Amino acid sequence: LRFNLALQYEKKEEYQLAIMHLNKAVQLNPEYVKAIKKWKALAEVSENQDEFLIAESFMVSLEGNADDYYDLARKLHKNKQLSLAIDWYDRAVDKGKTGPWPYYWKGKAHEGLGDLNEAKKGYLSALSETPLHKFSLYRMYLMLSETDQNAAQDYLNKLRTNYPDFVKEKNL
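Caption draft 1: How the structure looks around the side chain of Lys106. Mapping Lys106 onto the fold places it in helix H7 (residues 101-112). For Lys106, a relative accessible area of 19% corresponds to the buried category. With residues up to four places along the chain from it excluded, the contact list for Lys106 reads Ile86, Tyr89 and Asp90.

Here it is in structure tokens:
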């Protein structure tokens, strides 16, 4: 019923009402893929980024793989929905996403929220995946430069040794 109402509102180009009914249809049955796809499409047409990301998160939950989870986390991050992005970075790793990037971006999201301890954990996790991950080395250097000069110097030395052009570019 809700899905049919949404289709009627779509025909009238009343996208917000259509989205509302699709949202309710999905709440009643979270696995209603047809409604989720339509919701996502209408949110995109109406340029409602928040609704689009919510609908996309339902789709990814139902059909996604680790890369889909990571891509959604990046979109949420770019849309400044940092807490949600952190959750999706974790889900991407749980689904099997490997490498430093989900940890690095999770660290950046925590840093954006002002949680520097969690940010450090993210960067250190990225470095455990890829010990010379340039951007994680750089973030750790910046974060420690005010509180732990010796540790900061260790990160800077790794950057100088492995990424001299980057160090020069950043005037370090």
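Caption draft 2: Structural context of the packing of aromatic side chains. Overall, the coordinates contain nine aromatic pairs when judged by the stated rule. Here Tyr138 and Phe166 contribute two aromatic rings whose centre-to-centre distance is 5.3 Å and whose plane-to-plane angle is 90 degrees, an arrangement assigned as edge-to-face. One end of the pair, Tyr138, is in helix H9 (residues 134-144); the other, Phe166, is in helix H11 (residues 164-169), with 28 residues separating them in the sequence. Each of the two residues, Tyr138 as well as Phe166, counts as buried. Aromatic rings pair up to connect Trp101, Tyr104, Trp105, Tyr123, Phe135, Tyr138 and Phe166 into one cluster. Between the NZ or CZ atom of Arg74 and the centre of the ring of Trp105, over which it lies, the distance is 3.6 Å.

Caption draft 3: The arrangement of helix H8 (residues 116-129) in detail. Its 14 residues place the ends of H8 20 Å apart at the C-alpha level, agreeing with the 20 Å of an ideal helix rising 1.5 Å per residue. Among the residues of H8, those classed as buried are Ala119, Gly122, Tyr123, Ala126 and Leu127. Buried positions in H8, seen along its axis, are confined to an arc of 135 degrees and lie on one side of it. What points out from H8, more than 90 degrees from its buried face, is the exposed set Asn117 and Ser128. Considering only its buried residues, H8 is in contact with H7, H9 and helix H10 (149-162).

Caption draft 4: Quick peek at unusual backbone geometry. Of note, the phi angle at Lys80 is positive, near 65 degrees, even though the residue is not glycine. On the secondary structure map, Lys80 appears in the loop between helix H5 (66-78) and helix H6 (82-94). On the basis of relative accessibility, which here comes to 70%, the residue Lys80 falls in the exposed class. For Asn171, which is not glycine, the phi dihedral falls at a positive 55 degrees. Here Asn171 lies in the segment after H11.

Caption draft 5: Looking closely at the environment of Leu113. Its location among the elements puts Leu113 in the loop between H7 and H8. Its relative accessible area of 45% is what places Leu113 among the partly exposed residues. Sequence spacing of Leu113 and Lys80 is 33 residues, and the spatial spacing of their C-alpha atoms is 9.9 Å. What Leu113 contacts, discounting residues up to four positions off in sequence, is Leu82, Ser83 and Ile86.

About the cut-offs
- Residues numbered from 1 in each chain as written.
- Predicted model: local features only at pLDDT ≥ 70, side-chain atom pairs only at ≥ 80, totals over all residues.
- Heavy atoms only, no water.
- Helix = DSSP H or I, 4+ residues; strand = E, 2+ residues; numbered from the N terminus.
- Buried < 20%, exposed > 50% of the residue type's maximum accessible area, 1.4 Å probe, protein only.
- Contact = heavy atoms within 4.5 Å.
- Phe/Tyr/Trp six-rings, centres within 6.5 Å; stacked < 30°, edge-to-face > 60°.
- Lys NZ or Arg CZ within 6 Å of the ring centre and 35° of its normal.
- Expected span 1.5 Å × (residues − 1).
- Arc of directions from axis to C-beta.

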